[in-house]
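# Coordinates in review
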Amino acid sequence: MDHNEKKHVKIGETKFLMGSFVLLICFSVAVFAFLGSYMGRESERTIDNLGNMYMSSMGERISQHFETIINLRLEQAETVVTVVSPDGGDTAQIHEELIYRTEVRDFDSLALCSESGEFETLYGEEAVLVDPESFMGSLREGKNKVAVAANSSGEQVVLFGVIADYPMSSGERSIAMVAGVPAQYISDELALEKEDIEMYAHIIREDGTFVIRDTGMEYADYPSYVRGIYKDDADSVDAYIEDLLRTLKEGRDYFAILEFDGGRQQVITVSLPYSEWNLVIVLPF
């Protein structure tokens, strides 16, 4: 092989090596890009799964705590009914005994409720039920029930209705004794379960109206709240609200990962006992 042929061979080998090297680099870049994208998706999926587990656990904890609070208050009211006999004297004496027994248990109001839905307030402010049909329906069926009402000062109160047969001043017999506490009491108790993280918890009805809202909120209902803070994503927000309310009306719990205004958040709802209420937990991340 002469000198020129050797030169051409070396040039060919050099081009081949350079081409191979370039292809290797391109292949490596593609592989790393794929791995980066894959790992990013896997990391996001892992974060979502961990968030899902955390939210489910938190929802269960708050729901159980809510049930504990409600059960405690219902048991206290039932204890009053157990110790105060409906035949323990005249109507005024029975009422006085009921008042004493409920006041020492830190209830802020007390009333007797008739079959027709008439309330006789024994102490505290009179209250008007927000959802009287559901509350009275349960009491007439002999079931304890929890409801929200507004007192004469315009403040929200939570009422605990327990089955009780007592004489009323009108001459009727009651079907239930109804003791009340401020709604803020329930809100404060639930707030104790919130850890030191940016998390929001509300209690809403199936139509989205608030029963108890997170501190500092001024909106009348949850849909208005979401639409008010995510004005740039109106279509996505409307779709979310429609899906949420449909799920609640079907009596099912709700879970979703939402992306509004460039941020992500997890939302979970849990139905609460003794009521038609739903706990809503929102965790931004």
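The structure under discussion appears in the preceding block.
In short, a report on the structure. Only a predicted model underlies this, so the values are computations on that prediction, with no experimental measurement involved. Residue numbers restart at each chain and count upward from 1, following the sequence in its written direction. Side-chain atom pairs in this predicted model are given and counted only at pLDDT of 80 or more, local residue features only at pLDDT of at least 70, and totals for whole chains, interfaces and linings cover all residues. By convention in this description, side-chain values take in all heavy atoms of the structure and omit both hydrogens and water.

What follows concerns helix α6 (residues 234–249). Strands here are runs of E lasting at least two residues and helices are runs of H or I lasting at least four, both read from the DSSP assignment and numbered beginning at the N terminus. Under the convention used throughout, the expected extent of a helix is 1.5 Å for every residue step, that is, one less than its residue count. In this model α6 runs 22 Å from its N-terminal to its C-terminal C-alpha over 16 residues, within 8% of the 22 Å that 1.5 Å per residue would give. Gly251 sits one or two positions beyond α6 and adopts a positive phi of about 80°.

With that settled, consider a negative patch on the surface. Side chains of Asp131, Glu133, Glu206 and Asp207 sit close together on the surface and give a patch of like negative charge. Relative to the helices and strands, Asp131 is located in the loop between β3 (127–129) and α3 (132–140). Exposed residues in this analysis have more than 50% of their type's maximum accessible area, buried residues have under 20%, and partly exposed residues fall in between, with area computed by a 1.4 Å probe over protein chains only. By relative accessible area, which is 34% here, Asp131 ends up partly exposed. The patch calculation keeps residues exceeding 30% relative accessible area without a salt bridge and links them within 9 Å when they carry like charges or within 5 Å when they are nonpolar (Val, Leu, Ile, Met, Phe, Trp, Tyr). Residue exposure ignores everything except the shown protein chains as possible cover, and the areas themselves are Shrake-Rupley values with a 1.4 Å probe. When a carboxyl oxygen of Asp or Glu is within 4 Å of a side-chain nitrogen of Lys or Arg, the pair counts as a salt bridge. This count recognises Lys and Arg as positive and Asp and Glu as negative, with His and chain-terminal groups excluded. A single reference atom marks each charge: NZ on Lys, CZ on Arg, CG on Asp, CD on Glu.

Turning next to unusual backbone geometry. If you check the backbone angles, Asp106 has positive phi at about 65° while not being a glycine. Examined against the element boundaries, Asp106 turns out to sit in the loop between α2 (91–103) and β1 (109–114). Note on Asp106: relative accessible area 56%, which makes it exposed. Here Tyr274, not a glycine, exhibits a phi torsion of approximately 65°, which is positive. Assignment of secondary structure puts Tyr274 in the loop between β10 (263–271) and β11 (278–284).

Attention now moves to the packing of aromatic side chains. Between rings of Phe, Tyr and Trp, where Trp is taken as its six-membered ring, a pair exists when centres lie within 6.5 Å; planes separated by under 30 degrees are stacked, by over 60 edge-to-face, and by other angles tilted. Within the structure shown, the criterion is met by seven aromatic pairs. Taken together, the ring pairs connect Phe210, Tyr219, Tyr222, Tyr225, Tyr240 and Tyr254 into an aromatic cluster. Any Lys NZ or Arg CZ that is within 6 Å of a ring centre and within 35 degrees of that ring's normal is treated as a charge sitting over the ring. Lying over the aromatic face of Phe107, Arg73 brings its terminal NZ or CZ to 4.7 Å of the ring centre. Between the NZ or CZ atom of Arg73 and the centre of the ring of Tyr185, over which it lies, the distance is 4.9 Å.

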